[in-house]
Amino acid sequence: MKATDTSNPDYFHKVVDCQWACPAHTPVPAYIRLIAQGRYSDAYLLNRDSNVFPGILGRVCDRPCEPACRRTRVDEEPVAICRLKRVAADHRDDISDRLPKKPEHSNGKRIALIGAGPASFTVANDLAPLGYECTIFEKLSEPGGLMRANIPAFRLPEKVLNEELQYILDMGVDLKLGTPVSSMKAMLDDGWDAVFVGTGAPKGKDLYLPGREEGAANIHIGIDWLESVAFDHIEAIGKKVLIIGVGNTAMDCCRTSLRLGADSVKVMARKPRNFFKASEWELEDAEEENVEIVVNHSPKAFVTENGKLVGMTFELFEYDIDDKGEITGQRVIGEETIPCDDVILAIGQENAFPWIEQDAGIEFGKWDIPVVDEETFESSRKGVFFGGDAAFGPKNIIWAVEHGHQAAISIHRHCQGLDLHDRAPREVELQSAKMGMFEWRYSNSFDASERREMEHVELVDRFKRLNIEVELGFSAEQIAVEVQRCLNCDIQTVFEAPLCEECDACIDVCPVECLSITPGADSEADLRQALSQPEAPEGQSLYVSAPLPLTGRVMIKDENVCLHCGLCAERCPTAAWDMKEGVIRIPHADDQMETVA
Amino acid sequence: MTSFVKPKIRRLNEPKNELGKTRADYDGAMSTLCAGCGHDSVTAALARAFFELSKEPKDVVKVSGIGCSSKTTTYFLKDAHGANTVHGRMPSFATGAAAVNKNLTYVGVSGDGDSLSIGLGQMAHAIRRNVDMIYMLENNGVYGLTKGQFSASSDIGSTAKKGATNTLPPIDPAIMALSIGATFVARSFSGDKAQLVSLIKAGIAHRGFALIDVISPCVSFNDHKGSTKSYAHTYQYYHKAVHADYVPPSEEITAAYAEGEAMPVELHDGGSILLRKLDADYDPTDRAGAMSKLLQSQQTQEILTGLLYIDESRPAMAEHKKLPETPLHSLPYSKLNPGADVLRKIQDEFR
Ligand SMILES: Cc1cc2nc3c(=O)[nH]c(=O)nc-3n(C[C@H](O)[C@H](O)[C@H](O)COP(=O)(O)OP(=O)(O)OC[C@H]3O[C@@H](n4cnc5c(N)ncnc54)[C@H](O)[C@@H]3O)c2cc1C
Ligand SMILES: Cc1ncc(C[n+]2csc(CCOP(=O)(O)OP(=O)(O)O)c2C)c(N)n1
Ligand code: SF4
Ligand code: SF4
Ligand code: SF4
Ligand SMILES: [Mg+2]
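Residues numbered from 1 in each chain as written. Chains lettered and ligands numbered in written order. Predicted model: local features only at pLDDT ≥ 70, side-chain atom pairs only at ≥ 80, totals over all residues. Heavy atoms only, no water.

Colleague: It is not clear to me how helix 4 (residues 40–51) of chain A should be interpreted in this structure. Could you clarify?
Modeller: Structural remark: α-helix, 3.6 residues per turn; residues separated by three or four positions point the same way. Residues and elements named next belong to chain A. Its twelve residues place the ends of helix 4 16 Å apart at the C-alpha level, agreeing with the 16 Å of an ideal helix rising 1.5 Å per residue. All buried positions along helix 4 are accounted for by Ser41, Ala43, Tyr44, Leu45, Asn47, Arg48, Ser50 and Asn51. Where helix 4 is buried, its residues meet helix 3 (28–36), helix 5 (54–60), helix 7 (81–90), helix 8 (118–127), helix 10 (158–169) and helix 16 (397–415). Val52 sits one or two residues past helix 4 and shows a positive phi near 65°. (Helix = DSSP H or I, 4+ residues; strand = E, 2+ residues; numbered from the N terminus. Expected span 1.5 Å × (residues − 1). Buried < 20%, exposed > 50% of the residue type's maximum accessible area, 1.4 Å probe, protein only. Contact = heavy atoms within 4.5 Å.)

So, in structure tokens, the structure goes:
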């Protein structure tokens, strides 16, 4: 097997599991170290470089980083990455003077951004400081997209949202509220240098079952209903509410219902718990509020009396589940009618572009989703870009942000007449973390503490108003412990084969026994036999060094279990192993080489 | 931090032995030896061997003399018994301990200075008595702890770090042991953990004294060009003569060791050692032949390793001296001290 090519910037990036999993590649361990040093503003700004909305995301991010976190290989639970992001936001000073200012001169390029969600705001954030004149068109009376219209204020306070949107507006972005765009062709005729479509996936799915029409007054489409609540058009709901579907929208609907006067809320799921779409933490939060989650109930009909909804009938299902946890068979074993006053449908969202004319030169594919290039986010029409939920269907905020960054790069290149695909590459900078004997530029000792639990507002208090934020944030003590749980995966183990004299010190000291020196072999599977745990967990590939000078054997390392504790480097007499901080440079619009007016 | 600790970490699906213990359960305190010292690797091999044998640490006694090598008893099996004794006096201490309680496993750890200079006479008599113990001689050619003076195992012509040349002939502990009746003589290298672990396991199972002379480079004072005990020199002249695998009583000898290829030696505990000759004309049961091969290898500088000699037929000290099965601490006082009348009777026999 050939030696691992560590010059490929993705090699060291992939080692940082959280950063690799984050769509916007937030440098998690680096910001956690800043928090540990009490440098909250610096931690906030480092976050902001990649994810733009640390305060918002520190509360409601889908957090794909956490299931990826290396910590779970030696501990029950991952580092509370998301909560620590909120710590940076909550404790930052006024950082407005450290943000890019509205430039003195425009570069003369005009960009139209349709929809005021996180995707469009990210494009504006990246382009406005470079001199672009950005105009956002929004049909609603407030900016923020689903972050304002759908994510309830008890999860995301309005103040947090407003502050982070304002930072971007202050860069000289023109926001036109209450201005729905009703014709793409008209837009294109206006002579914009580029158009970005960030209109989301605005259509909630309906459920056409018997009784749908008679019961219409009390049957609501989840995302529309949440929007009406957010804009104070709806202020109450019946006592008994059924939520259909068990995704994250359902979780927001059930918890919102409780705050509008419902006292019995049931979330009706078609399948068993393992098949729920909602994140585990959202389920927990709902159950803490005494929402009942009912499994194996598939909707059959709305029951009405005298033209009014009184209940809903379900078929009861039984499933056969195999060893892998997959459903292999299912049957109906009965029927049940559950009385209710209101039903909220939370069974999914769809894209809809009624305002894009068929002859606007924009190609659409399956399910009315536009054909969009996955690297450049350009549509089939030059100069028209899509991002966020509008591009590939509903995802989440952090994906919308990453789409925004990529679209901004494309728009920047497009406006300069440059090839959209020839983008600046990612890079890795490595810097030794050694300070002296037993001293490293990071806290390398393993802290066995368990994950800190977030405190919540008491149940009796939290329903008093719709916008009481439930999560209280971490206390100083919790912060101090949680930051130490991070393993600093970005402090890389870097090996120099010519220096090694095969003393075995590193192999012997490694607390997880992930190193070995072994004769070369043809496959990774063969090499792994030399490890203390040869069976390969999923994830990282094996590191294989160049042949060692004394015997020609190779050093191998199972990156899956390495804790980045630095003991190998500490014990190595020749510094063949060194710990180096790896800064992964993810290029944004301002990193593209060409200069701007 | 002024020093560091090796954290104890539970991995998912971590291998466990028959006692349900993990490899890390056989660790000791963090080593304070120089980074890269061969002795640390020997320590790791000991911990692994005891883990693989599923030995209960509290049934093990670690004894040592003085030196960097002798310090290492602290770095493995923290739950075992043990003592650092006086310079060169570990063999007497071990002999005494083995005499009063033959049911424990004794591990002696020493260095070439501790064993071949001040402790030479001590070691020789423990070998002659065939004390049931494993004796790790961590051989680096220098007094490491006192900063690198030549030891009695230094080869003629080997140079010290500052340039002085050794002119006195070396004592080869393996040849010496063979000449005074040793029953288990092995040589290995701290850089060959696989060989070392299997030799340690075989040595523990052997009845009687098991000497393992381990070349264990001193990174700080004897790892330079010109040294014949450096990593580079050892890797270059390292030569495996005999491979030994310990097969515990519970396991059958598998067909993989076809006859002729491997030579099983039945052990006292019901297990066996499978010897595989890597040199066709080497016979690890021929004492004189082994000595002559070792003498020859001194000429060629070759470092012959593996289980160089084994004799399972001689009784260990406890049997030979008919020492009680029951440890002295468990014998009733009336047996330990039968009283003045019995003493008088014995004395009368000599009148
Ligand atoms: C109930 C619910 C809860 C969610 N919770 C989370 C969560 O906790 N964490 C998370 O990461 N994600 C969550 N999401 C998903 C997340 O909100 C979206 O993925 C994200 O907001 C998409 O951003 P966007 O910029 O693509 O579009 P959107 O946020 O959808 O914004 C699009 C904007 O465009 C406007 N618009 C549409 N058409 C036009 C037009 N023709 N002219 C002008 N303006 C127009 C809309 O009014 C809207 O303001 C949730 C979604 C829902 C429905
Ligand atoms: C009676 C006595 N004499 C001398 C010393 C000094 N002394 C300490 S360690 C040592 C030699 C150790 O050499 P070795 O056994 O090879 O151990 P190493 O440090 O090389 O592993 C000497 C001479 C002593 N401690 N006690
Ligand atoms: S331990 Fe820290 S750096 Fe490693 S994956 Fe988890 S959060 Fe990221
Ligand atoms: S940093 Fe080195 S010693 Fe620590 S776990 Fe990784 S390989 Fe092992
Ligand atoms: S500690 Fe250093 S010199 Fe020794 S084997 Fe490991 S990498 Fe090589
Ligand atoms: Mg020595």
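On we go from here.
Colleague: I would appreciate a short explanation of a negative patch on the surface in the present structure.
Modeller: Residues and elements named next belong to chain A. Residues Glu76, Glu77, Glu284, Glu450, Glu453 and Glu455 make up a contiguous surface patch of negative charge. For Glu77, the location among the structural elements is in the loop between helix 6 (65–68) and helix 7. Taking the relative accessible area as the measure of exposure, Glu77 reaches 35% and is therefore partly exposed. (Patch = residues over 30% accessible without salt bridge, like charges linked within 9 Å, V, L, I, M, F, W, Y side chains within 5 Å. Areas by Shrake-Rupley, 256 points an atom, 1.4 Å probe, with all protein chains shown as cover. Salt bridge = Lys/Arg side-chain N within 4 Å of Asp/Glu carboxyl O. Lys, Arg positive; Asp, Glu negative; His and termini not counted. Charge placed at Lys NZ, Arg CZ, Asp CG, Glu CD.)

Colleague: Any chance you could explain the packing of aromatic side chains here in plain terms?
Modeller: One pair of aromatic rings is described through two measures. These are the centre distance and the angle between the planes. All names here are of chain A. Under the definition given, this model contains 14 aromatic pairs over all chains. Consider the rings of Phe353 and Phe386, whose centres lie 5.8 Å apart with planes at 85°: the pair is edge-to-face. Residue Phe353 is located in the loop between strand 14 (349–350) and strand 15 (384–386), and its partner Phe386 is located in strand 15; the two are separated by 33 residues in the primary sequence. Of the two residues, Phe353 and Phe386, neither departs from the other in class, the shared state being buried. (Phe/Tyr/Trp six-rings, centres within 6.5 Å; stacked < 30°, edge-to-face > 60°.)

Colleague: Could you clarify how one ought to interpret the site of ligand 3 in this entry?
Modeller: Around ligand 3, a shell composed of Cys18(A), Val28(A), Pro29(A), Cys69(A), Arg70(A), Val79(A), Ile81(A), Cys486(A), Leu487(A) and Cys489(A) is seen. In terms of residue class, the shell around ligand 3 is made up of nine nonpolar, no polar and one charged. (Near = heavy atom within 4 Å. Nonpolar A, V, L, I, M, F, W, Y, C, P; charged D, E, K, R; others polar.)

Colleague: Hey, could you run me through the interface of chain A and chain B in this one?
Modeller: A common way to report how large an interface is uses the accessible area buried once the components associate. Facing 30 residues of chain A, the contacting portion of chain B comprises 33 residues. Together, the buried faces of chain A and chain B total about 2,600 Å²; carbon and sulfur atoms form 55% of this surface. The largest share of the area that chain A buries against chain B comes from Phe438(A), Asp508(A) and Arg571(A), three residues that together contribute 25% of it. One can count six salt bridges joining chain A with chain B. Where Asp40(B) meets Arg571(A), a salt bridge forms, and the shortest distance between an N and an O atom there is 2.7 Å. If you look at where chain A meets chain B, you find 19 residue pairs in polar contact (both at pLDDT 80 or more). When contributions to the side of chain A that touches chain B are tallied by element, the ones reaching two or more residues are helix 19 (505–509) and helix 21 (567–571) of chain A. Of the residues belonging to the side of chain A that touches chain B, the class tally is 15 nonpolar, five polar and ten charged. (Buried area = accessible area lost by both parts, 1.4 Å probe. Polar contact = N/O pair within 3.5 Å; in protein donor to acceptor, adjacent residues only side chain to side chain.)

Colleague: How should the site of ligand 5 be read in this particular structure?
Modeller: Around ligand 5 there are 15 residues in total, and Cys500(A), Cys503(A), Asp504(A), Cys506(A) and Cys572(A) lie nearest to it. Tallied by class, the residues present in the shell around ligand 5 amount to eleven nonpolar, one polar and three charged.

Colleague: Explain the coordination of the magnesium ion (ligand 6) here, please?
Modeller: All names here are of chain B. Binding of the magnesium ion (ligand 6) to the protein goes through Asp112 (OD), Asn140 (OD1) and Val142 (O), at separations of 2.1 to 2.2 Å. Read from N- to C-terminus, the donor residues coordinating the magnesium ion (ligand 6) fall into the pattern D-x27-N-x1-V. Here Asp112, found in helix 4 (residues 112–118), pairs with Val142, found in strand 5 (residues 142–143); they are 30 residues apart in sequence, far enough to count as distant. Comparing Asp112 with Val142 shows no difference in burial state: the two are buried. (Donors = N, O, S within 2.8 Å, 3.2 Å for Na, K, Ca; no water.)

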